[in-house]
Amino acid sequence: MLVELDLDGAVVLVTGGVRGVGLGITRAFLAAGAVVVTCARRPAEVPGATFLPCDVREADQVSAVMSDVVSRFGRLDVVVNNAGGAPFALADRASPRFHSKIVELNLLAPLLVAQAAFEVMRDSGGSIVNVSSVSGRRPSPGTAAYGAAKAGLESLTSSLAVEWAPSVRVNALAVGMVRTEQSHLHYGSEAGIEAVARTVPLGRLATPDEVGACAVFLASPLASYVTGATLLVHGGGEVPAFLAASDADGGSS
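As a starting point, this report considers the structure included with it. In this text, all values refer to a predicted model and were calculated from it rather than measured experimentally.

### Topic: the sheet that holds strand E1 (residues 11–15)
Here is step 1 of the chain: Reading across the sheet, the seven strands line up as E3-E2-E1-E4-E5-E6-E7 and stay open at both edges, with parallel pairing between neighbours. Strands with a single pairing partner mark the edges of an open sheet, and in this sheet they are strand E3 (50–53) and strand E7 (230–233). On average, each strand axis in the sheet is inclined to that of its neighbour by 20 degrees, with strand direction left out of account.
Here is step 2 of the chain: By the bridge criterion, eight bridges tie strand E5 (residues 126–133) to strand E6 (residues 168–175) in an arrangement that is parallel. Residue pairing in the sheet places Gly126 in a bridge with Val168 of E6.

### Examining the pairing of strand E2 (residues 35–40)
Here is step 1 of the chain: Burial analysis of E2 places five of its six residues in the buried class, the great majority of the element.
Here is step 2 of the chain: Taken together, the five bridges between E1 and E2 define a ladder with parallel strand orientation. Counted as the bridge partner of Val12 is Val36 from E2.
Here is step 3 of the chain: Relative to E3, E2 runs parallel, the two being bridged by four bridges. Along E3, the bridge assignment pairs Val37 with Thr50.

### Description of a nonpolar patch on the surface
Here is step 1 of the chain: A cluster of nonpolar side chains, contributed by Leu5, Phe217 and Leu222, occupies part of the molecular surface with about 240 Å² of accessible area.
Here is step 2 of the chain: Within the secondary structure layout, Leu5 lies in the segment before E1.

### Comments concerning helix H4 (residues 144–164)
Side chains three or four residues apart in an α-helix point the same way, a direct result of the helix having 3.6 residues per turn.
Here is step 1 of the chain: Compared with the 30 Å implied by 1.5 Å per residue over 21 residues, the 30 Å span of H4 between its first and last C-alpha is a close match.
Here is step 2 of the chain: Taken together, the buried positions of H4 are Ala145, Tyr146, Gly147, Ala149, Lys150, Leu153, Glu154, Leu156, Thr157, Leu160, Ala161 and Trp164.
Here is step 3 of the chain: Close packing links the buried residues of H4 with helix H3 (96–121), E5, E6 and E7.

### Looking at the side chain of Asn171
Here is step 1 of the chain: Within the secondary structure layout, Asn171 lies in strand E6.
Here is step 2 of the chain: At a separation of 3.2 Å, a polar atom in the side chain of Asn171 contacts the main-chain amide nitrogen of Gly228.
Here is step 3 of the chain: From its side chain, Asn171 meets the backbone nitrogen of Ala229 in a polar contact 3.0 Å long.
Here is step 4 of the chain: Dropping the residues within four chain positions of it, Asn171 is found in contact with Ile128, Val129, Asn130, Thr157, Leu218, Val226, Thr227, Gly228 and Ala229.

### Re H3
Here is step 1 of the chain: An ideal rise of 1.5 Å per residue puts 38 Å on 26 residues; H3 measures up with 36 Å between its terminal C-alpha atoms.
Here is step 2 of the chain: Approximately 40 degrees is the largest bend angle found in H3, and it occurs at Glu104.
Here is step 3 of the chain: If you check which residues of H3 are buried, you get Ile102, Leu105, Asn106, Leu107, Ala109, Pro110, Val113, Ala114, Ala116, Ala117, Phe118 and Met121.
Here is step 4 of the chain: Where H3 is buried, its residues contact E1, helix H2 (59–73), strand E4 (78–81), E5, H4 and E6.

Cut-offs applied
- Residues numbered from 1 in each chain as written.
- Predicted model: local features only at pLDDT ≥ 70, side-chain atom pairs only at ≥ 80, totals over all residues.
- Heavy atoms only, no water.
- Pairing = 2+ DSSP bridges.
- Helix = DSSP H or I, 4+ residues; strand = E, 2+ residues; numbered from the N terminus.
- Axes fitted to C-alpha atoms, helices over the stretch in contact; angles between N-to-C directions.
- Buried < 20%, exposed > 50% of the residue type's maximum accessible area, 1.4 Å probe, protein only.
- Patch = residues over 30% accessible without salt bridge, like charges linked within 9 Å, V, L, I, M, F, W, Y side chains within 5 Å.
- Areas by Shrake-Rupley, 256 points an atom, 1.4 Å probe, with all protein chains shown as cover.
- Salt bridge = Lys/Arg side-chain N within 4 Å of Asp/Glu carboxyl O.
- Expected span 1.5 Å × (residues − 1).
- Contact = heavy atoms within 4.5 Å.
- Polar contact = N/O pair within 3.5 Å; in protein donor to acceptor, adjacent residues only side chain to side chain.
- Bend = angle between axes of the 7 residues up to and from the residue.

Printed below as a string of structure tokens:
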């Protein structure tokens with residue numbers, strides 16, 4: 001049986017879908033023919049998409065957005081939990097409130113959005129894609145709470161996939177380093193960004209649109225038998241440091 005990537009007319013909600021990786025995800029779903037609704041705390045215009053204001057940490061705002069989407073379009077087929085992030089802060093210098101806010105945004109808010117989406121999708125079916133990070137799979141110095149929250153998000157993904165099958169599929173993307181308008185905040189100058197890119201086996205950072213394409217795949221009929229999975233989108237990860245440090249002539253073990 002030939003299965004196509006057919007999202008024509010599907011109604012998709014992308015949280016934080018107005019800039020950075022989220023904007024790439026929004027563009028990818030629009031290119032796939034979907035009707036896309038984005039939400040964020042601050043208004044932003046994305047050509048072709050509908051914007052709704054929402055703080056995904058607030059249950060009443062999340063419920064209002066879900067109701068608004070169904071009222072406008074009559075259905076909801078896909079939710080991409082993209083809203084998240086964290087500023088750099090060493091763990092011993094950040095306050096308990098800071099850590100709590102990071103976990104709330106990157107773990108509890110996706111759970112809140114997923115719960116509200118499931119109430120809409122439980123009878124009609126649908127797909128939820130959680131945007132996680134490689135920070136949840138390796139040490140995350142300077143963003144320890146963020147990494148811990150993303151590790152929790154992957155665990156949450158697998159648990160919800162079991163609880164909500166077969167009506168709603170739940171998957172995640174573990175995203176590596178991405179070239180966005182804020183790359184300089186993480187990697188410094190253009191020379192610094194290029195140096196960081198050389199640590200990736202593919203030799204470059206991802207683009208937001210490449211991450212978006214992976215989200216579209218997981219939400220599409222092409223992934224109809226995929227649930228509870230986390231897809232690595234990291235260009236091969238990181239070249240092991242020992243390879244650069246070693247002066248051996250032979251191979252490695």
